[in-house]
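Okay, here's what each chain looks like letter by letter:
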Amino acid sequence: MGYAVFRMILYCQRTGVVNGQKSIIPKMAASYLLDHAMRIDRLDHIVLTVVDISATIAFYSRVLGMQEITFDDQRKALVFGQQKINLHSAGRPIAPHAASPTPGSADLCFIVAGGIEEMLAHLQTCGVALEAGPVPRTGATGPIISVYFRDPDGNLLEVATYDHSGHGS
């Protein structure tokens with residue numbers, strides 16, 4: 001579908017008007033778009049722009065248990081579950097890249113297995129200073145209990161466990 005047609009459908013859907021007349025096209029357009037929408041399965045990877053790749057790998061490995069991998073032409077990434085975090089050096093992003101790749105601009109939430117007490121004990125053992133938490137929040141599939149801290153570049157990391165008591169917000 002061409003961009004102009006798509007914009008017309010969105011306009012008709014929003015206003016309910018076609019050529020000055022009320023129309024059923026908005027309902028038809030919405031139905032068409034839903035029936036033909038792209039279906040995202042999962043997030044594969046994200047990219048973090050960092051000042052020091054070695055420091056980032058050391059932190060994420062020690063604190064979050066991620067595994068370092070090397071791929072392509074000596075590029076580095078951190079693997080966990082079925083996802084990975086590709087690492088780009090600040091000032092040397094790999095094309096194509098974000099419009100303004102900046103260290104410390106990410107805000108990420110990771111779900112951990114186990115209880116909140118276990119998570120807090122591990123973070124304390126690693127010497128991680130908490131910014132907030134534990135606090136109730138709402139995750140993608142329900143209530144979570146979260147703690148917040150920063151990585152070496154200042155990215156905000158939220159580490160959470162699903163709250164089966166129903167107290168998330």
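See the structure shown above.
Computed from a predicted structure; not experimentally measured.

### Remarks on the packing of aromatic side chains
Aromatic ring pairs are reported here in terms of the distance separating the ring centres and the angle at which the planes meet.
For step 1, the next point in the chain: Evaluated as defined, the whole model comprises 3 aromatic pairs.
For step 2, the next point in the chain: Measuring from ring centre to ring centre gives 5.4 Å for Phe80 and Phe110, while their planes differ by 85°; the resulting arrangement is edge-to-face. Highlighted residues: Phe80 in strand S5 (residues 75-80) and Phe110 in strand S7 (residues 107-111), separated in sequence by 30 residues.
For step 3, the next point in the chain: When its relative accessible area of 10% is taken as the criterion, Phe110 is described as buried.
For step 4, the next point in the chain: In this arrangement the basic side chain of Lys84 is found over the ring face of Phe71, its NZ or CZ atom lying 3.8 Å from the centre.

### A short note on the sheet that holds strand S9 (residues 143-150)
For step 1, the next point in the chain: Read from one edge to the other, the open sheet built from 4 strands follows the order S7-S10-S9-S8, with strand pairing classed as mixed. Among the strands making up the open sheet, the edge pair consists of S7 and strand S8 (132-138). Recorded for the sheet is a direction-independent mean angle of 30° between the axes of neighbouring strands.
For step 2, the next point in the chain: As judged from the 7 bridges shared by S9 and strand S10 (residues 156-162), these two strands associate in the antiparallel manner. Directly across from Ile144, in S10, lies its bridge partner Tyr162.
For step 3, the next point in the chain: Where helix H4 (residues 116-125) meets the sheet, its contacts fall on S8, S9 and S10, and the angle it forms with S9 comes to roughly 5°.

### What about the side chain of Thr161?
For step 1, the next point in the chain: Within the secondary structure layout, Thr161 lies in strand S10.
For step 2, the next point in the chain: For Thr161, a relative accessible area of 10% puts it in the buried group.
For step 3, the next point in the chain: Polar side-chain contacts of Thr161 include one of 2.8 Å to the backbone oxygen of Gly114.
For step 4, the next point in the chain: Setting aside residues no more than four positions away along its own chain, Thr161 makes contact with Val112, Gly114, Gly115, Ile116, Ile144 and Ile145.

### Quick look at the nonpolar core
For step 1, the next point in the chain: The biggest cluster of nonpolar side chains holds 23 residues, and the ones touching the most others in it are Leu48, Tyr60, Ile85 and Phe149.
For step 2, the next point in the chain: For this core, the element with the highest residue contribution is helix H3 (residues 53-64), accounting for 4 residues.
For step 3, the next point in the chain: Setting aside anything within four residues of it in sequence, one finds Leu48 in contact with Tyr60, Ile85, Asn86, Leu87, His88, Ala106, Leu108, Asp151 and Asn155.

### Remarks on the pairing of S9
For step 1, the next point in the chain: Burial runs high along S9: 6 of the 8 residues are buried.
For step 2, the next point in the chain: What sits between the antiparallel neighbours S8 and S9 is a turn of 4 residues, in which Gly142 has the positive phi angle 150°.
For step 3, the next point in the chain: Counting the residues that bridge the hairpin from S9 to S10 gives 5 residues, and of these Gly154 lies at a positive phi of roughly 95°.

### Comments concerning the environment of Ile53
For step 1, the next point in the chain: With respect to the secondary-structure elements, Ile53 resides in helix H3.
For step 2, the next point in the chain: For Ile53 and Ala90, which are 37 residues apart along the polypeptide, the C-alpha to C-alpha distance reads 9.3 Å.
For step 3, the next point in the chain: Apart from residues lying up to four places away in sequence, Ile53 is in contact with Lys76, Leu87, His88 and Ser89.

Criteria and thresholds
- One numbering rule holds for all chains: residues counted from 1, following each sequence as written.
- The model is predicted, so local features are restricted to residues of pLDDT at least 70 and side-chain atom pairs to those at 80 or more, both for listing and for counting; the totals for chains, interfaces and linings are taken over all residues.
- In computing side-chain properties, one takes all heavy atoms of the structure into account and sets aside hydrogens as well as water.
- Only Phe, Tyr and Trp rings take part, Trp by its six-membered ring, and two of them pair if their centres are within 6.5 Å. Stacked means planes under 30 degrees apart, edge-to-face means over 60, and tilted covers everything else.
- A run of H or I in DSSP becomes a helix once it reaches four residues, and a run of E becomes a strand once it reaches two; helices and strands are each numbered from the N terminus.
- Whether a residue is buried, partly exposed or exposed follows from its accessible area with a 1.4 Å probe, protein chains only, as a fraction of its type maximum: under 20%, in between, or over 50%, in that order.
- Placement of a positive charge over a ring is assigned whenever Lys NZ or Arg CZ falls within 6 Å of the ring centre and within 35 degrees of the normal to the ring plane.
- In this description, strands pair whenever DSSP reports at least two bridges between them.
- Whenever a helix is involved, its axis is fitted only over the stretch in contact; in every case the axis is a line through C-alpha atoms, and angles between N-to-C directions fall within 0 to 180 degrees.
- Any two residues having at least one pair of non-hydrogen atoms within 4.5 Å are treated as being in contact.
- Throughout this description, a polar contact denotes any pair of N or O atoms lying within 3.5 Å of each other; where both atoms belong to protein, one of them has to be capable of donating a hydrogen while the other can accept it, and for residues adjacent in sequence the pair is counted only when both atoms sit in side chains.
- To qualify as a nonpolar core, a set must consist of buried Ala, Val, Leu, Ile, Met, Phe, Trp, Tyr and Cys residues joined through side-chain atoms within 4.5 Å.

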